[in-house]
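Commentary on secondary and tertiary structure
Here is how the chains run, residue by residue.
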Amino acid sequence: MYDQLDLALLRELQRNARQTNRELAKATHVVPSTSLQRVRALLDRGVLTGFHAAVDLRTIGRGVQALVFVKIRPPSRRVIDQFRAWIMELPEVLGVFVTSGDHDFVIHIAVGDTGDLYGFVLDHLTQRPEIADVYTSVVFEHARATVVEPACERGPVTGKPRPASTAGNGHARASEPRWGSRP
């Protein structure tokens, strides 16, 4: 479970993971040693899995995004695992969802133009014998939540998360780690 300090640290790090521990502590109203200890605990528990740079796809020549829906035959664990491993190696691929329903995969890709999209589908996907069907949908706009909060019990009046407990304070520490790399 997460308390109010964990939630505050998670929000702040998702807003700006490059801030120093001292800046993070100030933003969450705790001393730096408490901030450092809590962030390390979140890393150790696997709540924080890494720190990433956001890239504007248009500026790197990949301004056309698409969702590619793929049906696999036969839909066995081995075939799905092999296809997922193969597709994740392709440089056009941003993400892969293994899904239920009409399609087994939804693949999020970014390419330079519609000709590259056409080539991706024809040159990569239709060449695979396990692919039974491909459906492509061009993405006009991709909006994404930048701060994700954990699911927890909601309070009846405010709708705000109820904390598991309250956080304590520690003593200040001289080190100033940046969260872009593990201390």
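So, here is what we can say about the structure in this document. (Residues numbered from 1 in each chain as written. Predicted model: local features only at pLDDT ≥ 70, side-chain atom pairs only at ≥ 80, totals over all residues. Heavy atoms only, no water.)

Side note on the sheet that holds strand β4 (residues 131-139)
Filter applied, for reference: We call two strands paired when DSSP finds no fewer than two bridges between them. A run of H or I in DSSP becomes a helix once it reaches four residues, and a run of E becomes a strand once it reaches two; helices and strands are each numbered from the N terminus. Note on geometry: axes are C-alpha line fits, over the in-contact stretch for helices, and angles between N-to-C directions span 0 to 180 degrees. Contacts: residue pairs with any heavy atoms within 4.5 Å of one another.
Strands sit in the order β2-β3-β1-β4 across an open sheet of four strands; the sheet is antiparallel. Strand pairing shows two members of the sheet lacking a second neighbour, β2 (93-98) and β4, which therefore form its edges. The average undirected angle you get between the axes of adjacent strands in this sheet is 20 degrees. Both β2 and strand β3 (residues 105-111) contribute to a ladder of five bridges, which runs antiparallel. Considered in β3, the bridge of V98 is made with F105. Docked against the sheet, helix α4 (residues 77-88) engages β1 (64-72), β2, β3 and β4, running at close to 165 degrees with respect to β2.

Details of helix α2 (residues 21-28)
Given 3.6 residues per turn, any residue in an α-helix points the same way as the ones three and four places further on. The condition is simple: Each residue gets one of three labels from its accessible area relative to the maximum for its type: buried under 20%, exposed over 50%, partly exposed in between, using a 1.4 Å probe on protein chains only. Within this analysis, the arc is defined by the directions that extend from the helix axis to the C-beta atoms.
Those residues of α2 lying buried are N21, L24, A25 and T28. Seen along its axis, α2 keeps its buried residues to an arc of 100 degrees; they face one direction. At its buried positions, α2 is contacted by α1 (4-15) and α3 (32-44). Backbone geometry just after α2 places H29 at a positive phi near 65 degrees.

Description of the nonpolar core
Definition in use: Among buried residues, those of type Ala, Val, Leu, Ile, Met, Phe, Trp, Tyr and Cys that are joined through side-chain atoms within 4.5 Å constitute a nonpolar core.
With 20 residues, the main nonpolar core has V70, F83, I87, I107, I109, F120 and L125 as its most contacted residues. Of all the secondary-structure elements, those providing two or more residues to this core are β1, α4, β3 and α5 (114-125). When sequence neighbours within four positions are dropped, the list of residues in contact with I109 reads V64, Q65, A66, V68, E92, V93, L94, L117 and F120.

Structural notes on the pairing of β1
Here β1 pairs with β3 via seven bridges, running antiparallel. Within the sheet, the bridge partner assigned to A66 lies in β3 and is I109. Note that β1 and β4 share eight bridges and pair antiparallel. When the bridges of β4 are listed, K71 appears paired with D133.

As for the packing of α1 against α3
Stated formally: Any angle from 65 to 115 degrees is called roughly perpendicular, while one under 35 is roughly parallel, one over 145 is roughly antiparallel, and all others are oblique. For this scheme, ten residues count as nonpolar: Ala, Val, Leu, Ile, Met, Phe, Trp, Tyr, Cys and Pro. Four count as charged, namely Asp, Glu, Lys and Arg, and the remainder, Gly too, count as polar.
One can describe the packing of α1 onto α3 by two numbers: an axis separation of 10 Å at closest approach and a directional angle of 85 degrees. It follows from the interaxial angle that α1 and α3 lie roughly perpendicular. For the pair formed by α1 and α3, the contact residues are L5, D6, L9, L10 and L13 on the first element and T34, S35, R38, V39 and L42 on the second. Considered class by class, the residues forming the contact of α1 with α3 number six nonpolar, two polar and two charged.

Some words on the pattern of salt bridges
Basically, it comes down to this: Criterion for a salt bridge: a side-chain nitrogen of Lys or Arg within 4 Å of a carboxyl oxygen of Asp or Glu.
Here the structure, examined in full by the defined rule, presents eight salt bridges. For the salt bridge of E149 with R11, the shortest nitrogen-to-oxygen distance reads 2.8 Å. Linking E149 in the segment after β4 with R11 in helix α1, this pair joins segments that are 138 residues apart in sequence. Residue class for E149 comes out partly exposed when judged on its relative accessible area of 33%. Residue classification places R11 among the partly exposed positions, given a relative accessible area of 21%.

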